[in-house]
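Observations on chain architecture
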Amino acid sequence: VQLQACGGGLVEVGGSLRLSCEASGLTFSSCNMAWFRQNSGKEREFVATITWNGARSYYGDSVKGRFTISRDNAKNTAYLQMNSLQPEDTAVYYCASHLDYANLRTPRASGMDYWGKGTQVTVSS
């Protein structure tokens, strides 16, 4: 299984970025997908998750109204559109797949099945 995240970079405050996560080696259309982020020395923080069919999505409190998670099952890819970026959004962003329906609204990092390598997002003030 491979989850390949990309799209990170350096952006100014108030700017936007779109992260992508392309999956291979798993039945993507059966998996819920999630994004987490992490700064050094801190725990991995839940950002957003979307169900296997895209019908439901949930967000961490710090990103609600600014970030949007989506997916294209035909392309085996999940996305994270990030708008109105702030310095506190600076982190390494990770995508993950899961079947953790018991914690669907607030997934835990421990409940993820597969992780991609992170992509760095830096928001400059």
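Cut-offs used in this document
- Residues numbered from 1 in each chain as written.
- Predicted model: local features only at pLDDT ≥ 70, side-chain atom pairs only at ≥ 80, totals over all residues.
- Heavy atoms only, no water.
- Phe/Tyr/Trp six-rings, centres within 6.5 Å; stacked < 30°, edge-to-face > 60°.
- Helix = DSSP H or I, 4+ residues; strand = E, 2+ residues; numbered from the N terminus.
- Core = buried A, V, L, I, M, F, W, Y, C linked by side-chain atoms within 4.5 Å.
- Buried < 20%, exposed > 50% of the residue type's maximum accessible area, 1.4 Å probe, protein only.
- Contact = heavy atoms within 4.5 Å.
- Pairing = 2+ DSSP bridges.
- Axes fitted to C-alpha atoms, helices over the stretch in contact; angles between N-to-C directions.

**Examining the packing of aromatic side chains**
Enumeration over the complete set of coordinates arrives at three aromatic pairs. Plain terms: the ring middles of Phe36 and Trp115 are 5.2 Å apart, the flat faces sit at 65° to each other, and that makes the pair edge-to-face. Linking Phe36 in strand β4 (residues 32-38) with Trp115 in strand β10 (residues 114-115), this pair joins segments that are 79 residues apart in sequence. An aromatic cluster is defined as three or more aromatic residues linked by ring pairs; in this entry it consists of Phe36, Phe46, Tyr94 and Trp115.

**Section: the nonpolar core**
Ranked by internal contacts, the top residues of the largest apolar core, which has 28 residues, are Trp35, Val47, Phe67, Leu80, Met82 and Tyr93. Put simply, the parts of the chain that give this core at least two residues each are β1 (2-6), β3 (17-24), β4, β5 (45-50), β7 (67-72), β8 (77-82), β9 (91-98) and β11 (119-124). With four residues, β3 is the single largest residue contributor to this core. Once residues within four sequence positions are removed from consideration, Val47 is found in contact with Trp35, Phe36, Arg37, Tyr58, Tyr59, Gly60, Val63, Phe67, Leu80 and Tyr93. If you look at the next biggest cluster of nonpolar residues, it comprises five residues, including Ala34, Phe36, Phe46 and Met112.

**A look at the sheet that holds β8**
Strand order in the open sheet made by the four strands is β1-β3-β8-β7, with antiparallel pairing throughout. If you trace the sheet from one side to the other, it starts and ends with β1 and β7, each paired once. Neighbour to neighbour, the strand axes of the sheet diverge by 15° on average, direction disregarded. Two elements, β3 and β8, share six bridges in a ladder whose sense is antiparallel. What sits directly across from Leu17, in β8, is Met82.

All quantities given are derived from atomic positions and should not be read as evidence of function.
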